[in-house]
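Residue strings, one per chain:
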Amino acid sequence: MNKVYDKSESILNISKKNDNKVNAYQLIKQILKTNNDSEINSKFLNFIDQKKEYYTYLDKPHIHEEIVRCDSDKLFEYLLFRYKYEIFPRKRILEELPPLVQIEPSSICNYRCVFCYQTDPRLSNKKNGHMGLMSLDLYKKIIDQIEGRIEGVTLASRGDPSVNKALGDMLRYSANKFTAFKLNTNAFLMNEKLCHDILSSNIQTLVYSADAANPDLYKKLRVNGNLDRVIENVKNFNDIKSKHYPKSKIITRVSGVKYTQEQNFEEQEIFWRDLVDQVVFVDYNPWENVYNSKLTGVNDSCSDLWRRIFIWWDGKVAPCDVDYLTTLFRFSNITLNNISEIWNSEEYNSLREQHLNNKRNCISPCNRCSVV
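This section reports on the structure supplied with the text. (Residues numbered from 1 in each chain as written. Predicted model: local features only at pLDDT ≥ 70, side-chain atom pairs only at ≥ 80, totals over all residues. Heavy atoms only, no water.)

Before going further, it helps to examine empty space enclosed by the protein. Per the counting criterion, the structure on display carries 1 cavity of 30 Å³ or more. Roughly 120 Å³ of volume is contained in the largest cavity. Cys302, Cys320, His355, Cys366 and Cys369 are, among the 15 residues lining the largest cavity, the residues nearest its centre. Of all the secondary structure elements, the ones that give two or more residues to the lining of the largest cavity are α12 (304-307) and α14 (346-356). Its residues assigned to classes, the lining of the largest cavity comprises 11 nonpolar, 1 polar and 3 charged. (1 Å grid on protein atoms, 1.4 Å probe; cavity = no way out; pocket = protein on both sides within 12 Å on 5 of 7 lines; lining within 4 Å. Points joined across faces, edges and corners; volume = space filled by probe spheres on them. Helix = DSSP H or I, 4+ residues; strand = E, 2+ residues; numbered from the N terminus. Nonpolar A, V, L, I, M, F, W, Y, C, P; charged D, E, K, R; others polar.)

Counting 89 residues, the largest nonpolar core has Ile142, Ile198 and Trp272 as its most contacted members. Looking at this core element by element, the count peaks at 6 residues for helix α10 (residues 227-244). Here isoleucine 198 is in contact with Leu171, Leu183, Met190, Ile203, Leu206, Phe237 and Ile250, once residues within four sequence places are set aside. With 18 residues, the next largest nonpolar core counts Leu27, Ile67, Tyr78 and Tyr85 among its residues. (Core = buried A, V, L, I, M, F, W, Y, C linked by side-chain atoms within 4.5 Å. Buried < 20%, exposed > 50% of the residue type's maximum accessible area, 1.4 Å probe, protein only. Contact = heavy atoms within 4.5 Å.)

Bringing the state of the cysteines into the picture now. Throughout the structure, instances matching the rule amount to 0 disulfides. You can see cysteine 113 has no disulfide; the closest cysteine sulfur is in cysteine 116, sitting 5.7 Å from it. Cysteine 113 sits in the buried class, given a relative accessible area of 5%. (Disulfide = S-S within 2.5 Å.)

This next bit is on the packing of helix α8 (residues 192-200) against α10. In the contact formed by α8 and α10, the axes pass within 10 Å of each other and the chain directions differ by 50°. Of the possible angle classes, the one that applies to α8 and α10 is oblique. Every pair of crossing elements has a handedness; the one defined by α8 and α10 is right-handed. Touching Glu192, Cys195, His196, Ile198 and Leu199 of α8 are Asn236, Phe237, Ile240, Lys241 and His244, all from α10. (Axes fitted to C-alpha atoms, helices over the stretch in contact; angles between N-to-C directions. Parallel < 35°, antiparallel > 145°, perpendicular 65-115°, else oblique. Left-handed = near helix turned anticlockwise from the far one by under 90°.)

Now the structure itself:
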């Protein structure tokens, strides 16, 4: 499959419990009517009336849900983050820091999903030096650089964050520091302690990676996985949330990869919708063999170059996790330079220029990726 897709538009289907009756612009104005702080309202109204053209990018069910659940005193910061995340890549706007920082607590994973780079021994063989766990000190160094300066943080990348036993400490250190904080996990290792760590940290979105409602197909796609165990862990999370964190505004989401005709997405939506807030599916991209896959012919510049930066467990930096062997940036490391210096470095800007100048098809693995 060589379908081109835009990461900001990659949701194919989504199930939610409340249908949208208004667009994002109207929704935000409705929220402001319930806010008695005239100073905040004035700041909001000025912002949203100037940015009307951008609200079409917010008219997605999962974003509506994030807007509704955002604390009113944090809504302006969240909307500003969304503006940068959606618009900066389209207008090629570059600031001191990216709209979002994606951090890898672990490059190690307990699964070997058939569509994942973990199946490539060049990555997963520990002898090659790519496998490891981020230290709490390094994590704190990253958070200290971006706290109060950006709002978007995602804990996810080549491995599963839950493999790192320091994840709870990481979540506690990040608590209440970002309005758009997301954690991705396959949920296999999500025990009671981790459930409490997640819920007490006030993260915005918890994403469970799952691609099937059938245990046999799930295990076929997510090798080493066990759907029954994952379901029990999700139910346990929901019970803990209900009993101990009834005011939690966390959004839970199942995200699956559209990989094979064997998958029944309607069945999966029905299966999951009473367990989570949202169910989404994204197009398959040849992550598991991108360095050897066919050229896609895509020559449009990649949005990630203006949207987010990826930081591996050891401090190395990559423009995206499609380049899971870190071939594009060989010398960028936040143990040597800060995030701002790397984001605006000659190395990063050179890659952006090549994409803008129709030279993407000369760059590997960009020329084998279908993301725009």
